[in-house]
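# Coordinates in review
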Amino acid sequence: ASHRAGITRQETNVAGLYLRSGGTGGTTYLLLHGLGATGEVWDGLVDLIERNKAGRWLAPDFRGHGRSPWEKPYTYVALMADLIPLINEAGRLVVVGHSMGGVVGLMLGGALPNVDRVLGVGIKVSWNETELEQMQALSTRPVRWWATQAEAVERYLKVSGLMGLVNPDSPTAQCGVMAGDDGQYRLAADPEIYAIGRPPAAELVQAARCEVMLACGEHDKMVDAGELSALDAAARQLPSLGHNAQVEGPEQIWLLVNEPLENNKEFS
């Protein structure tokens, strides 16, 4: 367990995944990070969940990421299946996912009856062939090593879009890298995760059996609110935020988690 701001947070391995968890209550918040990141990106939202005594929270590292093992296949189906043992006994479930994690969240919304709401933040829904080819090329690169932790952390912050948003000395930054046996450092994420491919976002929104809300930062270069509205879900633009809106403005994310949806097909 780790202690931060006087709060005890459990850190365990459950069903093969590295998991941070805490809080108590009838609602479980499942917080799913994006491609190449770790569960630490949810620290701001976790603070709000605990401050409001809103319920239990779970922040796993997906397979191939953070402290979880590198284990193929890296598919959306496999990422979702890994989560089922964590949540099969949860009551009301609210899933908040960033980017790739939002896609997995939408899949859970179509698969599990106890998911009450899915909030997908910064899901990239439009892909061209060049972008897909670039992702494929990234997935075939050999693992790169750096002589110092600081150099590896700098690279992690660049590739995850967290540069300037978190302190390089913070747990959020340092969880993105791992030490090797020889004292060198690499990124925690397996390069092969980049082959995960284009998500079927529109189909997943339609298949969801729960409330769905999609959101993106005003300055998100991956997706805009118009693209999200076109998916026939409630869509929100977050003023002044970028792609990692959950890190930059967790308060805005928390408001969306709790925003009533009178009509799930409403847009703003």
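Refer to the structure printed above.
The rules we used
Residues numbered from 1 in each chain as written. Predicted model: local features only at pLDDT ≥ 70, side-chain atom pairs only at ≥ 80, totals over all residues. Heavy atoms only, no water. Axes fitted to C-alpha atoms, helices over the stretch in contact; angles between N-to-C directions. Helix = DSSP H or I, 4+ residues; strand = E, 2+ residues; numbered from the N terminus. Left-handed = near helix turned anticlockwise from the far one by under 90°. Contact = heavy atoms within 4.5 Å. Nonpolar A, V, L, I, M, F, W, Y, C, P; charged D, E, K, R; others polar. Buried < 20%, exposed > 50% of the residue type's maximum accessible area, 1.4 Å probe, protein only. Arc of directions from axis to C-beta. Pairing = 2+ DSSP bridges. Parallel < 35°, antiparallel > 145°, perpendicular 65-115°, else oblique. Core = buried A, V, L, I, M, F, W, Y, C linked by side-chain atoms within 4.5 Å.

Packing of helix α2 (residues 76-87) against helix α3 (residues 100-111) brings their axes to within 10 Å, and their N-to-C directions diverge by 65 degrees. The hand of the α2/α3 crossing is right-handed. Residues Tyr 76, Val 77, Leu 79, Met 80, Leu 83, Ile 84 and Ile 87 of α2 form the contact with α3, whose participating residues are Met 100, Val 103, Val 104, Met 107, Leu 108 and Ala 111. Per-class residue counts for the contact of α2 with α3 are 13 nonpolar, no polar and no charged.

Another aspect to go through is helix α10 (residues 250-258). In an α-helix, one turn spans 3.6 residues; hence positions three or four apart end up facing the same way. Inspection of α10 places Pro 250, Ile 253, Trp 254, Leu 256 and Val 257 among the buried residues, and these make up the whole buried set. Taken around the axis of α10, the buried residues stretch over an arc of 160 degrees, which confines them to a single face.

The next point concerns the side chain of Ser 21. If you trace the backbone, Ser 21 turns up in strand β3 (residues 17-22). Ignoring sequence-local partners within four residues, the contact set of Ser 21 consists of Arg 9, Gln 10, Trp 57 and Leu 58.

Time to look at the pairing of strand β6 (residues 92-98). For β6, the tally of buried residues reaches 6 of 7 residues, placing the bulk of the element in the interior. Bridging between strand β4 (residues 27-32) and β6 involves 6 bridges; their strand directions are parallel. Of the residues in β6, the one forming a bridge with Leu 30 is Val 95. Note that β6 and strand β7 (residues 115-121) share 6 bridges and pair parallel. Counterpart to Gly 97 in the pairing with β7 is Gly 120.

Let's shift gears to the packing of helix α1 (residues 43-51) against α10. In a pair of packed helices, the angle between the axes and the distance between the axes together describe the arrangement. Orientation of α1 relative to α10, taken along the N-to-C sense of each, is 55 degrees, at an axis distance of 9 Å. As judged from the angle between their axes, α1 and α10 are oblique. Considering the relative orientation of α1 and α10, their crossing is right-handed. Residues Gly 44, Leu 45, Leu 48 and Ile 49 of α1 form the contact with α10, whose participating residues are Pro 250, Glu 251, Ile 253 and Trp 254. Residue composition of the contact of α1 with α10, grouped by class: 6 nonpolar, 1 polar and 1 charged.

For the rest of this paragraph, the subject is the nonpolar core. Leu 30, Leu 83, Ile 87, Leu 108 and Leu 214 are the most contacted members of the largest nonpolar core, which has 41 residues in total. Every residue in contact with Leu 214, bar those within four places of it in the chain, is listed here: Leu 106, Gly 120, Ile 123, Val 205, Leu 228, Leu 231, Ala 233, Ala 234, Ala 235 and Arg 236. In this structure, Ala 59, Ala 173, Leu 187 and Leu 238 belong to the second largest nonpolar core, which totals 37 residues.

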